[in-house]
Amino acid sequence: MTLLQRPVLVLLLLVTHHLLQCWIAFGSVDEEGQKQEEFNEELLLKPLPDRTVLAHFHFQSSAPPSTSNGRHHHLFPKAISQLVQKFRVKEMELSFTQGRWNYERWGGFDPIASSNAKPPGVELWAVFDVPQHQVDASWKNLTHALSGLFCASINFLESTSTYSAPEWSFPPSSGNLRYGTLPREAVCTENLTPWLKLLPCRDKAGLAVLLDRPSIYRGFYHSQRLHLTSTGSGSKGTDSGIILNQALTVVLQPIQPNGQRASMDHASEKHIQPSWSLSSIFGKQVRGRCVLAKSSKVYLQLDRGLVAELKRIHKENEKSVANGLTSENFWSYPSFELSANPDRIVVEENSLHSKSSSILYNFQVEKYSESEPLDLGLTWKIPVVWLCQSAPLHSSRYLMGSGNERGAIAISLKSTQLREGFMGAFADNERCELRVDVFQVVPWYVKVYFHSLQVFIDQQPKAVSDVIEKIHVSPSKDKVSPGMMEMVLKLPCRVKSAALTIEFDKGFLHIDEYPPDANQGFDIPSAIISFPNFHASMFFLEDGSVNKSPLLSKFQEKSPVMSYTEVLLVPLTTPDFSMPYNVITITCTVFALYFGSLLNVLRRRIAEEERFLKDKATKKTGQLPLLLSKLSAKLRGRPWEPPHSPPSSSFFISSKLVFKVILVAGLAVSWQYYFS
């Protein structure tokens, strides 16, 4: 009995020891995760000059480096962590965009316009921490993983003919960088739902409750972005830390109390800006924060141009306060009214490129609950017309030429008439130069002649060497890689307009390479125009708590002013896609006639046919001649025989059959000879 109990005790001790180790490991991981993993949610609201409202959602999840064997997350999405560790992703950004950012009306010199305004469709770029010869393989695997994670066609970027490797014109500049776009990718709720599942509370609590699908997709512009950064090397058994930023930028049109949308006539001063609230643009209210979020805030930003216009109206108002406009009384100024009192008012500091500063109203979501929800609203009392600050040059792109053989691409840069504010006293200096970086990718079937590059300054042709300081060209290879062009332009500060033109030939595709809607045309991805000397940064500093805001920390980063041009639609020569259908139809018809007639001849029996003809001839003679023939045979004492059909009829029928067979055989031989 003792011998039987001893193995049972040993087994029980081993199981207990294993369970104790697991409990200690999970307990330590749980304690570490609760202390260091963080999640923050923020919402920025901003009225725009064209009677619309900008809503920018920003969610940040961070996971610190871990030395444990395996990683157990509490807040950070496990799918993103596995993706970073598997493919050694150092930095990555993925965006889904519907619509195009209006740089003229919505501005182009602020962090949102420079960092969150993306080209239509899908844009993906990634930097890998792998050797150079493994970058392409890591990119291919990453596209397949993201395609399954976000229910999109990102796997089409795996081919070398769809992505490029920028060297220095696209930030961040790295040799392990890969960049690809899908301009025609449709954006829908199938892409938004996986994006929301990465949030700890999803769309069930917190600020994500406002993300009502019908409200978002009826807007003028919608862009959801995912940007992750690996904060460690991940060597010596240490998993690298990850910072994941999820941003959703939408431009919505407020709905009036009568159910109608606000008019877009922003040029007329007779119309007061439409009043709006969270419930009028999203159909919902904020009923508290996500319980897993470290901080939950809502910001209302007044643009620099709007603040300058309100100050001008304030000075002209006879009932204005003698002390002027300050951050303490600005929210109660009679030009507008807020539905809720802000917890803090912050004024932008160090606004170097503008005469006025932006103002930010801070609302803490922790103060609100189900019984007292936050329905932030803005009610205008007087007409206000202002303009958002634009980039130094407004960029646009278009096609030149006609026909399906050749054409030209033109990039136009026009001054925004704000050079004095940007350059100041240096604008009058002859040596003052404005640097512009251009990054352009063209598909392989658009065969660009880089030697045909021409430059025009103020509608006057200039030598390429006088304007272009640096250029890098990567010619396209048929069905292998796209063409890429990187340029650094040095323009005078007083330039009014500049243009670049380059010629190309249209290639021919195999019939299997045409998309289903080939007659619509083929897309050339957006070009990227950046101004390295100008930084779209905003500093909101009042106390230590403001510095902890991830959104305001992003605003303080010195990122260059950047804009995207239009997506070009190039018509290519397309074959007649109805010809295969016609060939199949006539071939099937000929084969049906041939085999039908052949089987009819082979299966037909001559004896039965003659008997059928005799019966038919008998029926045609009538009953009276038949009775007379029977009576005559009886009187003669001979057996009665039915009348025979005339031999000419039988000969005619047999000759007709022979003619059919010969005709079908001749057609078949002719058909075979023609195609051989």
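Residues numbered from 1 in each chain as written. Predicted model: local features only at pLDDT ≥ 70, side-chain atom pairs only at ≥ 80, totals over all residues. Heavy atoms only, no water.

Trainee: Please give an account of the packing of helix H2 (residues 78–87) against helix H5 (residues 135–150) that cites residues and values.
Mentor: When two helices pack together, their arrangement is given by the angle between the helix axes and by the axis-to-axis distance. As a packed pair, H2 and H5 sit with axes 10 Å apart at the nearest point and diverge in direction by 170°. Looking at the two axes, H2 sits roughly antiparallel to H5. The two elements H2 and H5 cross, and the hand of that crossing is right-handed. Each of Ala-79, Ile-80, Leu-83 and Phe-87 in H2 lies in contact with H5, whose residues at this interface are Ser-138, Asn-141, Leu-142, Ala-145, Leu-146 and Leu-149. Classifying every residue of the contact of H2 with H5 gives 8 nonpolar, 2 polar and no charged. (Axes fitted to C-alpha atoms, helices over the stretch in contact; angles between N-to-C directions. Helix = DSSP H or I, 4+ residues; strand = E, 2+ residues; numbered from the N terminus. Parallel < 35°, antiparallel > 145°, perpendicular 65-115°, else oblique. Left-handed = near helix turned anticlockwise from the far one by under 90°. Contact = heavy atoms within 4.5 Å. Nonpolar A, V, L, I, M, F, W, Y, C, P; charged D, E, K, R; others polar.)

Trainee: Residues and numbers for H2, please.
Mentor: Among the residues of H2, Ile-80, Ser-81, Leu-83, Val-84 and Phe-87 are the ones counted as buried. One face of H2 carries all of its buried residues, which in axial projection span an arc of 165°. Opposite the packed face of H2, turned more than 90 degrees from it, sit the exposed residues Lys-78 and Lys-86. For H2, the elements touching its buried residues are strand S3 (89–98), strand S4 (121–128), H5, strand S7 (221–230) and strand S8 (242–252). Just downstream of H2 lies Arg-88, where phi reads positive at about 55°. (Buried < 20%, exposed > 50% of the residue type's maximum accessible area, 1.4 Å probe, protein only. Arc of directions from axis to C-beta.)

Trainee: I'd like to hear about the pairing of strand S25 (residues 560–564), residue by residue, with values.
Mentor: Burial analysis of S25 places 4 of its 5 residues in the buried class, the great majority of the element. Two strands pair when backbone bridges link them, and strand S24 (residues 528–535) and S25 are joined in this way by 5 bridges, in the antiparallel orientation. Across the sheet, Phe-531 pairs through a bridge with Val-561, a residue of S25. (Pairing = 2+ DSSP bridges.)

Trainee: So, the UniProt feature "transmembrane region" (unreviewed entry) in the chain: which residues are in play, and what are the values?
Mentor: As recorded in UniProt, the sites labelled "transmembrane region" (unreviewed entry) are residues 581–602 and 657–675. In this annotation, residues 581–602 is assigned 100% helix and 0% strand; the end-to-end C-alpha distance for the span is 31 Å. (UniProt positions renumbered as here; feature names shortened; annotations may be inferred.)

Trainee: Requested: an account of the state of the cysteines, with residues and values cited.
Mentor: Considering all chains together, one arrives at 2 disulfides under this definition. Note that Cys-201 is cross-linked by a disulfide to Cys-290, the S-S spacing being 1.8 Å. Taking the sign of the torsion about the S-S bond as the criterion, the disulfide between Cys-201 and Cys-290, at about 70°, is right-handed. Here Cys-201 is found in the loop between helix H6 (189–196) and helix H7 (213–217), whereas its partner Cys-290 is found in the loop between helix H8 (278–281) and strand S10 (295–302), with 89 residues between them in sequence. When the cysteines of the chain that form disulfides are numbered from the N-terminus onward, they connect as 1-2, 3-4. (Disulfide = S-S within 2.5 Å.)

Trainee: Quick one: what's the story with the side chain of Glu-123, residue by residue and with numbers?
Mentor: Within the secondary structure layout, Glu-123 lies in strand S4. On the basis of relative accessible area, Glu-123 is assigned to the buried category, the value being 1%. There is a polar contact of 2.9 Å between the side chain of Glu-123 and the side chain of Tyr-564. With residues near it in sequence (within four places) discarded, Glu-123 still touches Glu-93, Leu-94, Ser-95, Lys-118, Phe-170, Tyr-179, Gly-180, Thr-181, Ile-528 and Tyr-564. (Polar contact = N/O pair within 3.5 Å; in protein donor to acceptor, adjacent residues only side chain to side chain.)

Trainee: Outline the packing of aromatic side chains, listing residues and values.
Mentor: Enumeration according to the criterion identifies 22 aromatic pairs in this entry. Between Trp-101 and Trp-106 the ring centres are 5.2 Å apart and the planes differ by 75°, which places this aromatic pair in the edge-to-face class. Just as Trp-101 is buried, Trp-106 falls in that class too. Ring-pair connections join several aromatic residues into one group, and the members of that group are Phe-39, Phe-57, Phe-59, Trp-195 and Phe-282. (Phe/Tyr/Trp six-rings, centres within 6.5 Å; stacked < 30°, edge-to-face > 60°.)

Trainee: Requested: an account of a positive patch on the surface, with residues and values cited.
Mentor: Residues Lys-197, Arg-202, Lys-204 and Lys-284 make up a contiguous surface patch of positive charge. Turning to its location among the elements, Lys-204 is positioned in the loop between H6 and H7. (Patch = residues over 30% accessible without salt bridge, like charges linked within 9 Å, V, L, I, M, F, W, Y side chains within 5 Å. Areas by Shrake-Rupley, 256 points an atom, 1.4 Å probe, with all protein chains shown as cover. Salt bridge = Lys/Arg side-chain N within 4 Å of Asp/Glu carboxyl O. Lys, Arg positive; Asp, Glu negative; His and termini not counted. Charge placed at Lys NZ, Arg CZ, Asp CG, Glu CD.)

Trainee: Which residues make up the sheet that holds strand S14 (residues 377–380), and what values go with them?
Mentor: Pairing is antiparallel in the open sheet, where 3 strands are placed in the order S9-S14-S11. The sheet is open, and its two borders are formed by strand S9 (276–277) and strand S11 (336–338), each paired with just one other strand. Pairing analysis gives 2 bridges linking S9 to S14, with the strands arranged antiparallel. Paired with Trp-276 across the two strands is Leu-378, which belongs to S14.

Trainee: Hey, could you go over the pairing of strand S15 (residues 393–400) for me, with residue numbers and the actual values?
Mentor: Regular strands place their side chains on alternate faces of the sheet. Sheet analysis places S15 next to strand S16 (residues 406–415), joined by 8 bridges and oriented antiparallel. Counterpart to Met-400 in the pairing with S16 is Ala-408. Counting the residues between successive antiparallel strands, the hairpin from S15 to S16 contains 5 residues, one of them, Gly-401, with a positive phi of roughly 95°.

Trainee: Which residues make up unusual backbone geometry, and what values go with them?
Mentor: The backbone of Cys-151 shows a phi angle near 55°, a positive value even though the residue is not glycine. Relative to the helices and strands, Cys-151 is located in the loop between H5 and strand S5 (163–164). Classification of Cys-151 by relative accessible area gives partly exposed; the value is 46%. At Asp-458, a residue that is not glycine, the phi angle is positive and equals roughly 55°. With respect to the helices and strands, the residue Asp-458 is situated in the loop between strand S18 (446–457) and strand S19 (460–462).

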